[in-house]
Structure formats: structure tokens, C-alpha cells
Amino acid sequence: METTTGTEHQDIRASVRELCNRFPGSYWQECDQQRRYPEEFVRALTQAGWLACLIPERYGGSGLGMLEAGIVLEEINRSGANAAACHAQMYTMGALLRHGSEEQKQRWLPELAAGRLRLQSFAVTEPDAGSDTTRIRTFAERRGDRYLVRGRKVFTSRVQHSDLLMLLARTTPIERVTRKTEGLSVLLVDLRQAGGRVRVSPIRTMVNHETNEVVFEEAEVPVENRIGEEGRGFRYILSGMNAERILIASESLGDGYFFVDRATAYARERVVFDRPIGHNQGVQFPIARAYVQLEGARLMRDRAAALFDRGEEAGAEANMAKYLASEAAWEAANAAMTTFGGYGFAVEYDIERKFREARLPIVAPVSNNLILGYIGEHVLGLPRSY
Amino acid sequence: MKIVVTVKQVPDPNSPQRLDADNTIARDGDVVLDPGDACGVEIGLRLKEAHGGEVVLVSMGPERAREAIRKALSMGADRAVLVTDPALEGADVNTTARALAAAIGSESPDLVVCATESYDGSTGMVPPMLAEVLGLPQLTFANHVEVNGSTVSVHRQTEDGYQVVEAPMPALVAVTAGIAEPRYASLRGIMAARNKEVRTVGVADLGLEVPAPAETVEGVEDAPSRQQGEIVEDDGASGVERIMALLQAAKVI
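Residues numbered from 1 in each chain as written. Chains lettered and ligands numbered in written order. Predicted model: local features only at pLDDT ≥ 70, side-chain atom pairs only at ≥ 80, totals over all residues. Heavy atoms only, no water.

Description of the overall build of chain B
Across its full length, chain B carries seven helices and eleven strands. Dimensions along the principal axes, computed over C-alpha positions, put chain B at roughly 75 × 45 × 40 Å. Element-wise, carbon and sulfur atoms account for 50% of the exposed surface of chain B, whose accessible area totals about 13500 Å². Computing the positive centroid from 21 side-chain charges and the negative centroid from 38, chain B places the two 9 Å apart. (Helix = DSSP H or I, 4+ residues; strand = E, 2+ residues; numbered from the N terminus. Areas by Shrake-Rupley, 256 points an atom, 1.4 Å probe, with all protein chains shown as cover. Lys, Arg positive; Asp, Glu negative; His and termini not counted. Charge placed at Lys NZ, Arg CZ, Asp CG, Glu CD.)

Focus: helix H7 (residues 102-114) of chain A
Every α-helix winds through 3.6 residues per turn, so residues three or four apart in the chain are directed the same way. Residue and element names in this part refer to chain A. Counted at 1.5 Å a residue, the expected span for H7 with its 13 residues is 18 Å, and the 18 Å between its end C-alpha atoms agrees. Along H7, the largest kink reaches about 30° and is centred on Trp 108; proline Pro 110 follows within four residues of it. Residues of H7 that are buried: Gln 104, Lys 105, Trp 108, Leu 109, Leu 112 and Ala 113. The secondary structure elements touched by the buried residues of H7 are helix H5 (87-91), helix H6 (94-99), strand E1 (119-123), strand E4 (164-170), strand E5 (184-190) and strand E8 (226-227). Phi turns positive one or two residues past the end of H7, at Gly 115, with a value near 80°. (Expected span 1.5 Å × (residues − 1). Bend = angle between axes of the 7 residues up to and from the residue. Buried < 20%, exposed > 50% of the residue type's maximum accessible area, 1.4 Å probe, protein only. Contact = heavy atoms within 4.5 Å.)

Things to note about empty space enclosed by the protein
Residue and element names in this part refer to chain A. Enumeration over the complete set of coordinates arrives at two cavities of 30 Å³ or more. When its volume is computed, the largest cavity comes out at roughly 110 Å³. Taken together, Tyr 91, Thr 92, Ala 95, Phe 122, Met 166, Tyr 236, Ile 237, Gly 240, Met 241 and Glu 244 make up the full set of residues lining the largest cavity. Of all the elements, helix H8 (residues 233-269) adds the most residues to the lining of the largest cavity, at five residues. Its residues placed into classes, the lining of the largest cavity shows seven nonpolar, two polar and one charged. (1 Å grid on protein atoms, 1.4 Å probe; cavity = no way out; pocket = protein on both sides within 12 Å on 5 of 7 lines; lining within 4 Å. Points joined across faces, edges and corners; volume = space filled by probe spheres on them. Nonpolar A, V, L, I, M, F, W, Y, C, P; charged D, E, K, R; others polar.)

Details of the packing of aromatic side chains
Residue and element names in this part refer to chain A. This model, assessed by the stated rule, comprises ten aromatic pairs over all chains. Pairing Trp 330 with Phe 355 gives two aromatic rings, centres 4.6 Å apart and planes at 45°, and the pair type is tilted. Placement of the pair is Trp 330 in helix H10 (residues 315-340) and Phe 355 in helix H11 (residues 351-363), with a sequence separation of 25 residues. Between the aromatic rings of Phe 340 and Tyr 349, the centroid separation amounts to 5.9 Å while the plane-to-plane angle is 70°, which identifies the pairing as edge-to-face. (Phe/Tyr/Trp six-rings, centres within 6.5 Å; stacked < 30°, edge-to-face > 60°.)

Shown next as C-alpha cells:
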């Protein structure tokens, strides 16, 4: 991995900000109202190389670490934009990078790095299996040199803007494995060749985020598209979870700083009863409290990223960073809503849109309650609570 | 083709502008690459992409100006020369043009690209003076630049359109701020900028003598605040004539 300095972090922040400045609030308002994918924004990020920052240089990326990737996403969300439209292009390839064969990496990573191939959809959750991942029922049956996939996934994001989809499926029925974490495999599904065998139904949500129900009807996947060994997919998926937590934490930090930036500016200029409303403790303290919590969350994100980048165990820190950052962002969102008063509900101020968006990371990709369960069990040694 | 682009670090136009006690521009706050110069860098890079060669940045300023240079290197320029020397602090346009000319002259470029004026001083004097000192033809107010063989031609913006002006190279072109949208630094560009050369030179290296400034700012006063205007009531008779007279007196019509 490349090592970077504070100077380069500043350059990364400045350059991402500059790019984001070309996509003002009005752009995001329009995308939000029309439920439109921010194609132009994603193209600009791709062309500038930001989405390939985690891909090693030998495959055409920049070979940067989780901290730098986090800084990129943080700055995107701090600008008022929403990185969720494309963040997965950054990290979904992690399973391929860590567990794929050299041939697979040569085949896909340079195309992903160049932005010619999009791998930003990851199908795990099912209607009857969310956090309890080993209960998934989607089954990939081996038939010679291919798998036939049957099953139903839900909340699968960005399928309509992906060429490849990373799929977790059972390859051995749960009744026939000794541990329920066994018998799961990771397949890369080429959606361009799926024909009518992969049926995608959009799910409309309270934010402008493309997510879907995906039904596999005997979809064929060549065996050479399996990542790693058959039956060991659950481990491969887990190793990518910490990366995802750190990056989602970074987006929440960005959201939180967005609210604090906007609320602070508004509290300074909005005059009521002959003085700026920021004079009032009832306005000022919630913003300050949110800022304190954000700064604390940022330290945990930095620590989690540093551990991850050194190849050390980062599970607890990555989870805690995601917990702290998403809660701090939500605190900041409420502080901004209070500060803006009625204007916070007006679309043109961007607060209501970001408010809706900032609520999501408390629930997904993992619920904060499950993070508490994880900390209770694995850090504090308490009985498993779930 | 070797292209020199002059770049300058200026106080962030989005921050309040301040002066030091000696009436020179305070440069200790937030600073950025001059937005006009970023357009110059963009033109330099486009010409290089079309014709091959090298884009060399030349800047004058304090050591801190490296930050602005790094930004331009991240955009894709190849290397940079920073003229920096305590003797050049508070330099006027004459000294600035001579110092830049000394650094640029030793590069023997085919084309020198400048912004029409800086965002901070806004004198617009340096590009023409630089061309004179270097003995180069100058094409100013360019909002379009083309190179054909050994000739450079520009669209020279005027009040009611543009003139097509050309000159043999080497030449100096001063571009307008609206000529092209500067590219942002890509991640690859930022990483590559780390290994690009930034050579610093002082007045001794350039064999320069720095005269006392020919021009200094002796005093600065705020612009007078706007006075209350005259309100003309429409009385159905003389109001229109009164307004016409006022507008004519103000030479508006």
C-alpha cells in the first residue's frame, strides 16, 4: 500500500471538494426529486480516479488505504452530495482482491479501476435473512462447469448501475453442513449476460437510493466466476465488512460535518429578536454537542482505518466507528433541523434531504443494535444477546 | 513544445482580503492557486496533450507558494521553478516581471502562458512587461489559443467580439479567466505530484539586482459608502424629464 502524509490528505480533501463544488445543492435536489441516479457526478468521480483508490497500482488503481478512501467519502458527503450512489464501487472488489485468483484479478480489476466495468452491487440480504446471514436460502447448484442460481435477494443496491454483481449463495444446504457458516460461496454474476434469468424490481424508499429486490431464476454463472473456494464464502464476506463499516462511518462523519457547517453558518447570520440566533444556548449547544461527538467519532474512524491498513484486527474499532459516527451525524442532523426551523423543511436548503439520508446508516448496512450486541459479546465477553 | 505557465499563490478570493501594515497584500491567511492561473495551466496542458512536450510552471513568491505549485503539478504540469528570495518581498510589477523573465529565459520555452491579471493585485501589468523583457511577441486577452506549426494564434476578446491574432513562436499569450474550465486534480495526479521537481532559485542564482520599488502604496482608504439617492415622485408632469436629466448628467444615456 502507498503511504501518504498529512499534506496528501489535504490535497485529497481539496481536490474532492473542488469536484463536488461543481455539483451544487440544486443538482442533488433535482436528482432527489426525479429519483434519478447522479450519473454525471459518478462519472466525474470515476474519471478523476477516486473510486479506484483502493485498487492496487499494479491493477491500475492508486493503492491507497482505508483512511484515504474514508477521507474521500467523508468529503463527498460533507459537500452535500451523497456517496451512497457509488461508494460500493470502491470496496465491493475487496473480496476479489483478497480472495480471488490472480487470473480473476487480471481479468476484472484493471477494468474496474478504469471505470469501464462497474461492480457496486452486493446481494446478501434476503426477505427472511438479514443480519442472520447464514440463513440465506438462495442456492447455487453446481452443474458441470456452471452454477444454476435460484433465490430471492432484497435491498440489493445499485443493480441497475452495475455490470457485475457479487452474490452470496448457499452451495451446500444448511442441513448438510456441520457449521452453519460453511457451505456458502461468493459468485460474481455478470448481469450483462444474465438474460431474463435475473429479475430486478426496484424498491422505493424515503431516500433517492437505488435498491431492489432481485430474483434469480436458474441464472447461470460459470464456475470460473466463483471467488475463492466453494463453501468458504462467509469468511470472504466477513473480511470485507470491516472495510465497509469504516467507509460508512466516514460518510456519516461527512454528513455530520455538513450539518454542523450549515447550522453554524445559519446560526451566525439568521437574526431573530435583533441578534443572530447563535447567541442562544438553545441553538448553539446542540450544534457544539454534535461537533464534539463527531470529533470523537473521527478519532475512532482514524484508529480503525490505521489498524485495518496495518493488517491488524479492526473488528471492534470498525464497528464502534460506524456506531459513533452514525449517531453523531444524526445528532447533528437534528441540531441543524432545530437551527433552521421551518427553513430546514424547505427543499432548497438541502437540510431535509440530508436529514433523510443521514438516518439510513443507523440501520444499514448493519443496525447499531447489532453493533452493541457484537461489542457486548466479543469485547466485553457477555452472553450472546442475539 | 516547451510551454511555461506562470502561476501565483493568492489569498483565497472567498476569504476577506487584508493588507499588511506596509500596505502590501497580507498572505498569511488562506491561500490558493490563483483561479486565473488555473485556467492558464489548463490551456498549457491542453496544448501539451495536442502537440506533445512539457509544461513547466514558473512562480515567484514565498516558500509557502509550493502549495499552489503542488496543486498545478497535481493537475498535470511536469515540473516547476519557484523564484523565492527575501529580497523580492513587496516587489513591484517591474521587479516581478524581471525576476520571472530571468527564470523563464533560461528555460527557452516555445510558449509562455499567463493569466491576464492576478486575482489579488489585479494590475494586469506583468504579462506585457514580461513579454517586453523576454523580447517576445505578446497576444493578450486570449479566449481561444491554437498552435499550428511554429505559429500561435488566438481569439483576442474585444468589447464586441474577437480579433484573430497570430504570432511566430516563441511568444507570450495572456489568457482570460473564462478561456477554459480548469480540470481538477485527479488522485493519480496528486500521487504523481509528489515526485515532480520543484526547483527554487534566488536573486543571486538569476543574477538579478533588485531596485527599490518604483511604486509603493502610501495609503489605503475604504471606498466611500453609497450616498442616499434622489427620489423623484411621479407627479404626472415633470418627473420623467427630471429622471432623464439625472441619467444624462450621470452619462448613463
